[in-house]
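Structural description and commentary
If you want the building blocks of each chain, they are given just below.
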Amino acid sequence: MKHKGKWKRVAGFLPLAVFAILEVSPLLFLLAGTFMEDQEIVDQIAPVLGSGEGYASWRLIPLYPTGRNLVGLLLDSPEFFQMFWNSVRITVGILAGQLIFGMPAAWGLARYSFRAKKMIYMIYIIMMMMPFQVTMLSQYLVLDRLHLLDTGAAVILPGMFSTFSVFIMYRFFCGISESVLEAARIDGAGEWRIFLRIGIPLGASGIISALVLSFLECWNMIEQSMTFLETKSLWPLSLFMPEISSSNAGFSLCASFMALLPAVFVFMAGQDYLEQGIAYSAKEGTH
């Protein structure tokens, strides 16, 4: 019976292991390609590039590992660093705005009763579900009237008022016990002091969860930058990736890998908070 139970666990584990390997395989391929010579990459993916017959293949361990692509990217590509810092400025600006405007909005929706509260909350949900393509024209017209097109603010300002971060923080703020707030009011604390001293510390998990999710979205955004930015020096890192060809395949894969690292680090650092945010979002969906 013990062996039977063991084999059942193994049988249940194997499919999960296979799916896990499939999920991380693009990252493994990207890492391997970072340290490959261009010619080795071309030899393997020639059918994809239209310069060969048969099927494409890939090696997880390069035949002749090289750090030439990494050195070229870090030492001979000032454009990469310029776009990297553009991405940092855009992402930090959006996250700061979501903290300044999103936290009070989420707290107000969660802790106060007022007319049209449900309607406002439904508007937040509808706006959160709308893709960028739906609101692109209206955002473009507003930014044009404000003379903000082709500036960093054109990408930062719309992102600062994202309703998704409000939705995540709202669920956590709703979980704070009302008795704690009433005790603070009895002690003479004002509403702003309650928000700053009680709401933010107790809702920190939701705030960090919202920031992690927003970071992953902002760091990889492409359509907003392509729509609102024309000057190449203002482009974020997501628009840096050159077209993969036989002459720059290794450099392209290396640039993609380096651009992915910040998102991976942030995801790993905030994984626990991210899981809590997903759990609270799912809980909202059941109501």
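You'll find the structure just up there.
Right, let's walk through the structure included here. (Residues numbered from 1 in each chain as written. Predicted model: local features only at pLDDT ≥ 70, side-chain atom pairs only at ≥ 80, totals over all residues. Heavy atoms only, no water.)

1. Looking at the overall build of the protein chain
Helices and strands together make up the secondary structure of the protein chain, namely 14 helices and 0 strands. Mapped in sequence order, the helices and strands of the protein chain form the string α-α-α-α-α-α-α-α-α-α-α-α-α-α. With 287 residues in all, the protein chain has 36% of them scored as buried. Here the contacts in the protein chain between residues at least 6 apart in sequence split such that 75% fall between residues at least 24 apart. Summed over all atoms, the accessible surface of the protein chain reaches about 17200 Å², with 67% contributed by carbon and sulfur. (Helix = DSSP H or I, 4+ residues; strand = E, 2+ residues; numbered from the N terminus. Buried < 20%, exposed > 50% of the residue type's maximum accessible area, 1.4 Å probe, protein only. Contact = heavy atoms within 4.5 Å. Areas by Shrake-Rupley, 256 points an atom, 1.4 Å probe, with all protein chains shown as cover.)

2. Digging into a nonpolar patch on the surface
A grouping of Met119, Ile123, Ile126, Met127, Met130 and Val134 is seen on the molecular surface, where their side chains present a nonpolar patch of about 550 Å² in accessible area. A total of 4 residues in the nonpolar patch trace back to one element, the largest contributor, which is helix H5 (residues 117–129). Relative to the elements of secondary structure, Ile123 occurs in helix H5. Look at Ile123 and you get partly exposed, because its relative accessible area is 45%. (Patch = residues over 30% accessible without salt bridge, like charges linked within 9 Å, V, L, I, M, F, W, Y side chains within 5 Å. Salt bridge = Lys/Arg side-chain N within 4 Å of Asp/Glu carboxyl O.)

3. Quick look at the side chain of Gln224
With respect to the helices and strands, the residue Gln224 is situated in helix H12 (residues 223–228). Those residues in contact with Gln224, other than ones at most four positions away along the chain, are Phe132, Val155 and Leu229.

4. Considerations on the nonpolar core
Residues Trp107, Met169, Phe173 and Ile194 are the most contacted members of the largest nonpolar core, which totals 26 residues. With 7 residues, the top contributor of residues to this core is helix H8 (residues 163–174). Setting aside residues no more than four positions away along its own chain, Ile194 makes contact with Trp107, Leu181, Ala184, Arg185, Ala189 and Gly199. Formed by 21 residues, the second largest nonpolar core is a distinct cluster that contains Phe240, Ala249, Cys254 and Ala255. (Core = buried A, V, L, I, M, F, W, Y, C linked by side-chain atoms within 4.5 Å.)

5. A few points about the packing of helix H11 (residues 204–219) against helix H13 (residues 249–269)
The contact between H11 and H13 brings their axes to 10 Å, and the two run at 170°. The pairing of H11 with H13 is recorded here as roughly antiparallel in orientation. Across the interface between the two elements, Val212, Phe215, Leu216 and Trp219 of H11 pack against Ala259, Pro262, Ala263, Val266 and Phe267 of H13. Taken together, the residues that form the contact of H11 with H13 break down as 9 nonpolar, no polar and no charged. (Axes fitted to C-alpha atoms, helices over the stretch in contact; angles between N-to-C directions. Parallel < 35°, antiparallel > 145°, perpendicular 65-115°, else oblique. Nonpolar A, V, L, I, M, F, W, Y, C, P; charged D, E, K, R; others polar.)

6. Remarks on helix H7 (residues 152–160)
Of all the residues in H7, the buried ones are Ala154, Val155, Ile156, Gly159 and Met160. Packed against the buried residues of H7 are helix H4 (78–111), helix H6 (132–145) and H12.

7. Comments concerning the packing of aromatic side chains
Evaluation of the coordinates by the stated rule reveals 13 aromatic pairs. When the ring of Tyr121 is compared with that of Tyr170, the centres are 4.6 Å apart and the planes differ by 35°; the resulting orientation is tilted. Within this pair, whereas Tyr121 is found in helix H5, its partner Tyr170 is found in helix H8, the two being separated by 49 residues in sequence. Residue classification places Tyr121 among the buried positions, given a relative accessible area of 13%. Geometrically, the ring pair formed by Phe215 and Trp219 is stacked, given 5.6 Å between the ring centres and 15° between the ring planes. Here Phe215 and its partner Trp219 are both found in helix H11, 4 residues apart, which amounts to about one turn of the helix. Assigned by exposure class, Phe215 and Trp219 land together as buried. Among the aromatic residues, those joined into a ring-pair cluster are Phe80, Phe81, Phe84, Trp85, Phe215 and Trp219. (Phe/Tyr/Trp six-rings, centres within 6.5 Å; stacked < 30°, edge-to-face > 60°.)

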